[in-house]
Amino acid sequence: MINAMDRFTRCLSLLSGVALGAVAVFIVLEIVLRNLFGISLHFLWELGVFVHMSAVFLGLAWTLRTGGHIRVTLLKSVLPRGAEWLGLGLGFVISLYVSSALVQLCWSYFKSGRTSGSITDTPLVYPSAIIAFGACLLSLQILMRAVCLLRNQPEELDPST
C-alpha cells in the first residue's frame, strides 16, 4: 500500500510541476500580449490562480514523503523518535482539520453551484475539489509515514529515485 501511495503521489507531483510550468507560460504570455499588442487575457490570471493552488496542494503529499517540508531539527536531534511522533500527531490533526474544511467548502460549492463571478464564470467546485483532494492525500501520507515509523522503515524517500 505504501508503494502504491508513493507511485501515485509521485505522479501527482510531476503533474504539479507541469501545472507550475503552465502558470509560468500564462504569465509570460500575458506579459508579451500586453507589451507587444496592448491586450490582456484576463482569464489567464484566474486560470493561473486555480492551476497554481491546485499544483501546490497536489504536491504536498510527495513533498512530505521526500522530506521537503520545513521542520525543527533541534527537537529531532534531542529526541528523535519522540519528536517525529509529536510532529506526526500535530501534523495529522492540523491536516485533518484543513482537509475537512476544504471538503466541506467544496461540497458547499457543489450544492450551491457557486461560480467565480468573473469573465470565465468557473464553477468553484472544480478547483476546490482538486485542492481538497490534495489536502486529503497529505493526511493519508502522514498516516503512511506513521506506518513506516512503526515498521522501522525509512520515513522519507530519496526524491531522485
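All values reported here derive from a predicted model rather than from experimental measurement.

Asks: Please provide a residue-by-residue account of unusual backbone geometry, values included.
Replies: Of note, Asp 121 is a non-glycine position whose phi angle comes to about 50°, a positive value. Along the chain, Asp 121 falls in the loop between helix H5 (80-112) and helix H6 (125-150).

Asks: Which residues make up the packing of aromatic side chains, and what values do they have?
Replies: Under the criterion given, the structure shown has two aromatic pairs. Centroid distance Phe 8 to Phe 133: 6.1 Å. Interplanar angle 80°. Geometry classified as edge-to-face. With Phe 8 in helix H1 (residues 2-37) and Phe 133 in helix H6, the pair connects residues that are 125 residues apart, well separated along the chain. On the accessibility criterion, Phe 133 (38% relative accessible area) is partly exposed.

Asks: Tell me about a nonpolar patch on the surface, and name the residues and values.
Replies: Nonpolar side chains collect at one region of the surface, where Val 28, Val 32, Leu 36, Phe 37 and Ile 39 lie side by side and expose about 490 Å² of accessible area between them. You can see Ile 39 is positioned in the loop between H1 and helix H2 (42-58).

Asks: Outline the packing of H5 against H6, supporting the account with residue identities and numerical values.
Replies: At a minimum axis separation of 8 Å, H5 and H6 run at an interaxial angle of 160°. The pairing of H5 with H6 is recorded here as roughly antiparallel in orientation. Crossing angle aside, the handedness with which H5 passes H6 is left-handed. Residue composition of the contact of H5 with H6, by class: 21 nonpolar, five polar and three charged.

What counts and how
Residues numbered from 1 in each chain as written. Predicted model: local features only at pLDDT ≥ 70, side-chain atom pairs only at ≥ 80, totals over all residues. Heavy atoms only, no water. Helix = DSSP H or I, 4+ residues; strand = E, 2+ residues; numbered from the N terminus. Phe/Tyr/Trp six-rings, centres within 6.5 Å; stacked < 30°, edge-to-face > 60°. Buried < 20%, exposed > 50% of the residue type's maximum accessible area, 1.4 Å probe, protein only. Patch = residues over 30% accessible without salt bridge, like charges linked within 9 Å, V, L, I, M, F, W, Y side chains within 5 Å. Areas by Shrake-Rupley, 256 points an atom, 1.4 Å probe, with all protein chains shown as cover. Salt bridge = Lys/Arg side-chain N within 4 Å of Asp/Glu carboxyl O. Axes fitted to C-alpha atoms, helices over the stretch in contact; angles between N-to-C directions. Parallel < 35°, antiparallel > 145°, perpendicular 65-115°, else oblique. Left-handed = near helix turned anticlockwise from the far one by under 90°. Nonpolar A, V, L, I, M, F, W, Y, C, P; charged D, E, K, R; others polar.

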